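An overview of the molecular structure
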Amino acid sequence: MKQLLMPFYNSGLKLKYRISYEEQRFFAAFFIRIFTVILCLNNGYLFAQPYTPHNIYDVVLERTYPVLSIRSELNGERVSSDVEVISQAKKFVEYGLEKNDPRYLAYAQGLLAPWWEQKEASLDIMFLRASINQHSHKFDLAIEDLSGILAIQSRDVQALLLRANAYRVTGQLQASLHDCKKLLLLSDPLITFNCIAQVKVLTADPSQTAHQLEQLLSDSVNVPDHLKKEVHTTLAELYQSAEQPIEAEVHYRQALYFQPDSAFLINRYAKLLITEQRWTSVLNLLPLSMNGNSVLIQRTIASKALELPETINLIQTLKASFDLNEQRGDIDISKDLAQFYLNILPDPQKAVQNAYRNWQHQKEISDTQLLISAAQLANNKVVLNEVNAWLMLIGNKSPLLITSTLKVALSS
Amino acid sequence: MKKRLIIAFLVCYGPFALCHQTSDSFLSINKGISQLSDGKWQEEWQGEWRVPLDVLDTLYGNELALDQNSDQKITWGELSLSEALLTNRLLSTLLIRHDGQPCRVKKTDFQLDDLNTGLYLYLPFIIKCQQSGPGITIDYQLFFEQDPLHRGFLKFTDQQTTSSFVFSPDSPSVSLKNHSNSVFAGYFQINSFIQYIREGIWHIWIGLDHILFLLALLIPSVFIFKGGQRQTHERFKPMLKDVLTVVTGFTLAHSITLTLATLKVISLPGVLVETVIAISVALSGLMMFFARFYRYRWQVAGGFGLIHGFGFASVLVDLNLPLASFSTSLFAFNIGVEIGQLAIVSAMLPIMYLMRKNWFYHRVVLPFSACVMVTYGTIWMFERGLNIQLV
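Residues numbered from 1 in each chain as written. Chains lettered and ligands numbered in written order. Predicted model: local features only at pLDDT ≥ 70, side-chain atom pairs only at ≥ 80, totals over all residues. Heavy atoms only, no water.

**Details of the overall build of chain A**
In terms of regular secondary structure, chain A is built from 21 helices and one strand. Burial analysis of chain A (412 residues in total) assigns 52% to the buried set. For chain A, the proportion of contacts with a sequence separation of at least 24, taken over those separated by at least 6, is 50%. Working note: accessible area of chain A is about 20000 Å², and carbon and sulfur atoms make up 55% of it. (Helix = DSSP H or I, 4+ residues; strand = E, 2+ residues; numbered from the N terminus. Buried < 20%, exposed > 50% of the residue type's maximum accessible area, 1.4 Å probe, protein only. Contact = heavy atoms within 4.5 Å. Areas by Shrake-Rupley, 256 points an atom, 1.4 Å probe, with all protein chains shown as cover.)

**Points about helix α11 (residues 225-241) of chain A**
An α-helix turns once per 3.6 residues; consequently, residues spaced three or four apart project the same way. Residue and element names in this part refer to chain A. The end-to-end C-alpha distance of α11 is 24 Å, a good match for the 24 Å that 17 residues give at a rise of 1.5 Å each. The buried count for α11 comes to 15 of 17 residues, which makes it a mostly enclosed element. Of the residues one or two after α11, E243 is the one with positive phi, at around 60 degrees. (Expected span 1.5 Å × (residues − 1).)

**A closer look at the packing of aromatic side chains**
This structure, assessed with the given rule, holds 26 aromatic pairs over all chains. Ring centres of W359 of chain A and W390 of chain A lie 5.5 Å apart, and the angle between their planes is 85 degrees; this geometry places the pair in the edge-to-face category. Of this pair, W359 of chain A sits in helix α18 (residues 348-359) while W390 of chain A sits in helix α20 (residues 381-394), and the two are 31 residues apart along the sequence. Grouping residues by exposure puts W359 of chain A and W390 of chain A together as buried. Following the ring pairs from residue to residue traces out a cluster consisting of W49, Y140, F144, F165 and F167 of chain B. The positively charged end of K363 of chain A is found above the aromatic ring belonging to W359 of chain A, 4.6 Å away from the centroid. (Phe/Tyr/Trp six-rings, centres within 6.5 Å; stacked < 30°, edge-to-face > 60°. Lys NZ or Arg CZ within 6 Å of the ring centre and 35° of its normal.)

**Observations regarding the state of the cysteines**
Residue and element names in this part refer to chain A. Overall, the coordinates contain one disulfide over all chains when judged by the stated rule. One disulfide in the model links C180 with C195; its S-S distance is 1.9 Å. Disulfide C180 to C195: torsion about the S-S bond roughly -65 degrees, handedness left-handed. With C180 in helix α8 (residues 173-182) and C195 in helix α9 (residues 189-203), the pair connects residues that are 15 residues apart, well separated along the chain. Exposure class is identical for C180 and C195. Each is buried. (Disulfide = S-S within 2.5 Å.)

**Looking at the packing of helix α17 (residues 334-344) of chain A against α18 of chain A**
Residues and elements named next belong to chain A. Contact geometry of α17 with α18 gives a least axis separation of 8 Å together with a crossing angle of 155 degrees. Taken as axis vectors, α17 and α18 run roughly antiparallel relative to one another. Every pair of crossing elements has a handedness; the one defined by α17 and α18 is left-handed. Listed contacts from α18 to S334, K335, L337, A338, Y341 and L342 of α17 are K350, A351, N354, A355, R357 and N358. (Axes fitted to C-alpha atoms, helices over the stretch in contact; angles between N-to-C directions. Parallel < 35°, antiparallel > 145°, perpendicular 65-115°, else oblique. Left-handed = near helix turned anticlockwise from the far one by under 90°.)

**Re the packing of helix α3 (residues 82-98) of chain A against helix α5 (residues 123-135) of chain A**
All names here are of chain A. Between α3 and α5, the shortest axis-to-axis distance is 11 Å and the interhelical angle comes to 30 degrees. Considering their axes alone, α3 and α5 lie roughly parallel with respect to each other. Like other packed secondary-structure pairs, α3 and α5 cross with a definite hand, here left-handed. Packed against α3, whose contacting residues are I86, A89, K90, V93 and L97, the element α5 presents D124, I125, L128, S131, I132 and H135 at the interface. Looking at the contact of α3 with α5, its residues break down into seven nonpolar, two polar and two charged. (Nonpolar A, V, L, I, M, F, W, Y, C, P; charged D, E, K, R; others polar.)

**Comments concerning the confidence of the model for chain A**
Residue and element names in this part refer to chain A. Of all residues in chain A, 85% have pLDDT values of 70 or greater, and the mean over the chain is 86. Mean pLDDT values for the elements of chain A range from 41 in helix α1 (residues 2-9) up to 96 in helix α12 (residues 245-258). Segment residues 1-17: pLDDT under 50, and 24 contacts once partners within four positions in sequence are set aside and those in other chains are kept. Contacts for the low-pLDDT stretch residues 41-47, under 50 throughout, to residues beyond four places or in other chains number 17 contacts. (pLDDT = per-residue confidence, 0-100.)

**Comments concerning the pairing of strand β14 (residues 229-232) of chain B**
All names here are of chain B. The pairing of strand β13 (residues 223-226) with β14 spans four bridges and is classified as antiparallel. Bridge assignment links F225 to a residue of β14, and that residue is R230. Connecting β13 to the antiparallel partner β14 that follows it, the hairpin turn spans two residues, and G227 within it adopts a positive phi of roughly 60 degrees. (Pairing = 2+ DSSP bridges.)

**Here's the deal with the side chain of S284 of chain B**
Relative to the elements of secondary structure, S284 of chain B occurs in helix α8 (residues 270-287). Once you skip the residues sitting within four places of it in the chain, S284 of chain B turns out to touch F213, A216 and L217 of chain B.

**Side note on the pattern of salt bridges**
All chains considered together, the criterion is met by 22 salt bridges over all chains. Taking the shortest distance from any N to any O, the salt bridge between R103 of chain A and D54 of chain B comes out at 3.2 Å. Linking R103 of chain A in helix α4 (residues 102-111) with D54 of chain B in helix α2 (residues 53-60), this pair reaches from one chain into another. The salt bridge partner of E230 of chain A is K229 of chain A, with a shortest N-O separation of 3.4 Å. Summarising the burial analysis for this pair, E230 of chain A and K229 of chain A share the class buried. (Salt bridge = Lys/Arg side-chain N within 4 Å of Asp/Glu carboxyl O.)

**Points about unusual backbone geometry**
Despite not being glycine, E307 of chain A shows a phi value in the positive range, around 55 degrees. Residue position: E307 of chain A is located in the loop between α15 (293-305) and α16 (310-328). Assessed through its relative accessible area of 70%, E307 of chain A is described here as exposed. At Q72 of chain B, a position not held by glycine, the phi torsion is positive, near 65 degrees. Note on placement: Q72 of chain B falls in the loop between α2 and β3 (73-75).

**Things to note about the environment of I307 of chain B**
Mapped onto the elements of the fold, I307 of chain B is located in helix α9 (residues 297-319). The exposure class of I307 of chain B is buried, given its relative accessible area of 17%.

**A closer look at the nonpolar core**
With 154 residues, the main nonpolar core has W49 and L79 of chain B as its most contacted residues. L212, L214, V345 and M373 of chain B belong to the second largest nonpolar core, which has 54 residues in total. (Core = buried A, V, L, I, M, F, W, Y, C linked by side-chain atoms within 4.5 Å.)

**Digging into a nonpolar patch on the surface**
Residues and elements named next belong to chain B. There is a patch of nonpolar side chains on the surface, built from L263, V265, I266 and L268 and spanning about 300 Å² of accessible area. Topologically, L263 is positioned in the loop between α7 (236-262) and α8. Using a relative accessible area of 30% as the deciding quantity, one classes L263 as partly exposed. (Patch = residues over 30% accessible without salt bridge, like charges linked within 9 Å, V, L, I, M, F, W, Y side chains within 5 Å.)

Here it is as structure tokens:
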């Protein structure tokens with residue numbers, strides 16, 4: 001630093017008073033540090049400007065995604081056959097679900113527009129429509145289409161599996177179990193028991209169910225990777241419900257082995273780490289490239305706990321994202337909002353309102369636990385009573401939820 | 001059948017962690033001015049459109065043959081080769097009308113823009129309308145056919161207001177009122193001249209950063225560094241000379257950049273300008289602690305004054321000067337800034353002169369003001385540089 005500043009100190013500048021080396025150093029150090037901090041933290045924002053790449057060979061996009069290949073006339077009329085259109089829609093649905101990217105489901109919806117409102121559509125179209133609606137949390141519409149398929153083909157494994165899932169998520173556990181049991185004679189025992197085990201996360205001893213599922217998995221041969229991933233995910237949830245976080249973590253890791261970039265798995269695993277207060281592990285787990293609300297929420301919770309300076313920036317980003325979602329007006333973000341007001345900017349009333357709104361159509365274990373925590377914070381006994389009544393009705397045996405409700409009972 | 005099974009599994013596990021990626025585009029339309037070949041100024045609407053590049057490729061990539069060598073990689077060269085097709089395709093989905101008459105959209109070279117949500121194609125364009133009247137209508141159809149969840153976020157800025165609108169398949173059109181009819185009048189009135197002077201005064205008075213910077217340079221004016229020590233001016237004249245030197249340095253510097261930036265000869269990113277202005281406040285506050293630097297205040301005023309000029313210019317761009325009297329308006333605004341500045345100096349100078357030997361000025365006013373400048377400057381620096389809210 002001295003060498004850097006000395007030329008100026010000894011320069012030919014005809015200053016009447018020479019600035020001492022200490023003074024130069026003081027000023028230089030002060031501003032260099034502040035500039036460095038700003039440059040390191042601002043993430044390019046300071047100089048964010050449109051630009052022209054210098055080289056024509058610079059790759060600006062790599063096509064790792066499917067592109068629309070439907071041919072149209074100049075007047076916009078499609079010339080591709082219905083079969084081609086449906087096949088393209090299928091590609092988009094598969095890719096959108098695999099990458100958890102709702103845009104591709106929307107593109108598929110666009111392709112299926114001529115049949116979107118048709119009651120009497122082909123089974124393929126009804127199945128794609130149900131998949132898209134279910135992903136968009138429109139469970140009633142999805143169940144309607146799936147029931148339509150099953151009315152024609154009662155032994156359709158995929159439709160049964162999907163409807164069982166829709167029933168389970170919406171809290172209709174008996175109906176879900178009923179569909180799972182129908183799979184017994186129609187598909188692989190591992191698929192059937194995995195379906196049943198998902199319902200038993202709440203309604204049976206989860207630890208015992210997990211042991212049975214583990215046994216079945218080890219006895220099965222030639223299990224495809226995607227099924228292994230699903231089974232490990234179910235096992236992780238069963239162990240989490242049984243309050244056995246070490247085992248749950250092992251299975252989340254195994255599931256992630258088969259799909260390392262699954263936003264769903266990363267989110268669930270991060271939530272487990274948050275309950276364990278392993279903040280640094282949370283930050284290490286969440287890839288910086290993922291910027292969905294759920295991932296941002298987990299990152300903000302961990303940053304806040306570690307009192308990192310980036311927390312303020314993260315909160316601003318989340319608020320901006322919620323504003324954008326609100327302006328769009330088509331995405332249900334009540335679960336994200338509930339978590340935000342519960343853990344990040346505590347506002348018990350808003351947390352319970354959003355958690356309750358989410359619970360109206362999603363009653364998985366994490367949704368129920370979120371509502372219990374929010375209602376407890378807001379001291380909302382009406383909501384707590386409603387949740388307790390529902391848990392009694394379904395015969396809840398999840399130690400995780402039993403502990404949560406016990407904590408509430410003891411605190412009141 | 002196997003594919004359907006995978007879909008069923010993916011739906012079961014996928015939907016409950018919506019990523020909220022969207023295909024949204026961001027359209028901004030501002031009123032601006034441009035110089036004609038005959039030297040006259042002309043009013044025009046300027047547009048900026050940011051469209052996510054991967055969405056563009058997914059939905060239009062095949063149709064426009066963006067990947068010309070089919071290597072599944074799109075280079076800047078390939079994109080540039082398709083520029084005409086691509087911009088025509090995009091602009092065909094945007095219809096701008098003024099009082100029912102379609103406006104002509106003149107495109108300029110596209111670029112890329114890295115936003116938090118990904119890489120965007122940045123398409124600047126100029127809108128030329130035949131009619132001059134109060135209403136502008138925008139019809140937006142981008143991606144609606146292919147993506148029912150697509151939204152177009154519009155920010156519309158005219159002389160006095162900024163409004164926003166979200167285009168969706170259910171509301172693909174918006175009529176916006178142009179609030180600046182007077183701008184089309186084409187002649188300059190004395191009232192407008194006074195109005196722009198007022199705007200100039202108002203801007204410096206409400207611009208706390210400019211005021212703090214000026215005060216940080218003015219407060220030490222009662223002192224002189226002599227014989228290695230801080231001494232007080234005995235007479236008013238040398239103190240006035242000192243103040244005038246600083247103020248002139250600041251005025252000359254910001255007038256130059258204010259004019260150049262308003263004429264769009266030089267353009268700097270707004271965030272950079274605002275951050276450096278904050279730094280100038282912190283640095284000038286810090287300088288107040290060191291009497292030996294007092295003699296260099298006019299250089300500091302001149303140097304940072306250049307950046308403050310860009311700050312003033314950003315306001316002027318928002319004001320959208322009437323084109324028929326562009327130079328007169330610019331002059332009026334600058335006069336306003338100087339009047340506002342002079343008012344501050346006139347109010348401060350006698351107080352400073354009277355208090356110059358008082359211990360309170362030496363021990364409280366000077367260090368306390370310096371602390372305020374450094375604190376505010378540093379906070380703004382972080383807030384503006386990092387786009388965060390600290391206070």
